[in-house]
Amino acid sequence: MGTTVTHAPAMEGLSQDSEPRHGPVQPERPAALTRRRRRENLAGYLFMSPWIAGFLLLTAGPMSASLYFAFTDYNLFDAPRWIGLDNFSEMFDDPRWRHSVQVTLWYVAVGTPLKLIAALGVALLLAQNRRGQAFYRAAFYAPSLIGASVSVAIVWKAIFSDDAIVDRTQEIFGIDVGGWTGDPDMIIYSLVALTVWQFGAPMVIFLAGLKQVPRELYEAAEVDGAGTLRRFWNITLPMISPVLFFNVLLETIHSFQIFSSAYIVGGGAGGNACGPADGSMVYTCYLYVQGFENSRMGLASAMAWLLLVAVALVTAVLFWSQKRWVHYEEGAR
């Protein structure tokens, strides 16, 4: 009895190169693609419109206006009158302006390093694994959150005034200089103490940098007999130099912009606005006096733009100097 071999019928229309029944996928036409991208861009601009409006109305607009006012005689009440470079020449001839520059430079040169040293020292202590570490981090960071407020400046002024806590503590050690806020030579030190007290923000940044230093480097240095200071100088500082550069740059800019604490501790509005005998006459405080108390808004605008140029130059110098002391990992710069 013979065996009949049957073959399955070939499935028509399902070859390997055949197209699906619904037809080939058509690429999106250029016109449709353009319309879709246009709708997406429009949606993006709509979401960005609050920021764009705020930038134009609150930043770019006032900056452009102040640049124009810097070359005018403007008192907030009358129409500005173009006077060219007279505001700048008057500024350079003003002894109080030169005094404000000296006070500001002294404050930046003394307050910024002390603040960074305190921040790095506390960060080195908190980098160790100890009990209650989270509490200490929060406690040391808290002054940075409230230190710039007016209320803290008022309390600070009360602490350093005559017959207050600082004055009485000095008398215990036989130091009789009186209250710092009433002394033209001492009030600037109270401002430096206030800025050093607010070391929490750079401390947190230093702490993050210290956590990234490989422990193997310290172990190898210990095997070679390196002491604590040598490990700090040869390992810790080079490894955290990018973080140190960031903190130096940020705190230097902030120091040039000091105003509220100097204005409140110095005495506020009136003839004593920037401290006794202009002892706390930082640059921004004198700018405020000229603009809002003397109604010299044109001169104040010129001072503001000169401060911007000065901060830009200091920033450029810091970026130029980083090539000599900031060490980046290869390929990270």
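Everything discussed here concerns the structure shown above.
What comes next concerns the included structure. (Residues numbered from 1 in each chain as written. Predicted model: local features only at pLDDT ≥ 70, side-chain atom pairs only at ≥ 80, totals over all residues. Heavy atoms only, no water.)

1. Concerning the overall build of the chain
A count of helical and extended segments in the chain gives 14 helices and two strands. Counting over 333 residues, the chain shows a buried share of 35%. A separation threshold of at least 6 residues defines the contact pool for the chain, and within that pool the share at least 24 residues apart is 67%. For the chain, the accessible surface area stands at approximately 21300 Å², while carbon and sulfur atoms represent 63% of it. (Helix = DSSP H or I, 4+ residues; strand = E, 2+ residues; numbered from the N terminus. Buried < 20%, exposed > 50% of the residue type's maximum accessible area, 1.4 Å probe, protein only. Contact = heavy atoms within 4.5 Å. Areas by Shrake-Rupley, 256 points an atom, 1.4 Å probe, with all protein chains shown as cover.)

2. Digging into the state of the cysteines
This structure, assessed with the given rule, holds one disulfide. The disulfide partner of Cys 274 is Cys 285, and the gap between their sulfur atoms is 2.1 Å. The chirality of the disulfide connecting Cys 274 with Cys 285 is left-handed, given an S-S dihedral of about -100°. With Cys 274 in the loop between α12 (260-266) and α13 (283-293) and Cys 285 in helix α13, this residue pair connects regions lying eleven residues apart in the sequence. (Disulfide = S-S within 2.5 Å.)

3. Regarding unusual backbone geometry
The backbone of Leu 76 shows a phi angle near 75°, a positive value even though the residue is not glycine. Along the chain, Leu 76 falls in the loop between β1 (72-73) and β2 (81-82). Owing to a relative accessible area of 38%, Leu 76 belongs among the partly exposed residues under this scheme.

4. Let's talk about the nonpolar core
Formed by 37 residues in total, the largest nonpolar core has its most connected members in Met 91, Tyr 107, Tyr 283 and Met 303. Taken together, the elements giving at least two residues each to this core come down to α2 (86-93), α3 (95-126), α7 (187-197), α12, α13 and α14 (297-325). No other element matches α14, which puts seven residues into this core. The contact partners of Tyr 107, leaving out residues within four places of it in the chain, are Thr 112, Ile 188, Leu 191, Val 192, Thr 195, Ser 255 and Ile 258. Grouped together as the second largest cluster of nonpolar side chains are 23 residues, Leu 126, Met 203, Phe 206 and Leu 318 included. (Core = buried A, V, L, I, M, F, W, Y, C linked by side-chain atoms within 4.5 Å.)

5. Side note on the environment of Ser 190
Mapping Ser 190 onto the fold places it in helix α7. For the pair Ser 190 and Trp 156, spaced 34 residues apart in sequence, the C-alpha to C-alpha distance is 8.1 Å. When near neighbours in sequence (up to four residues on either side) are disregarded, Ser 190 contacts Trp 156, Phe 160, Trp 180, Thr 181 and Val 265.

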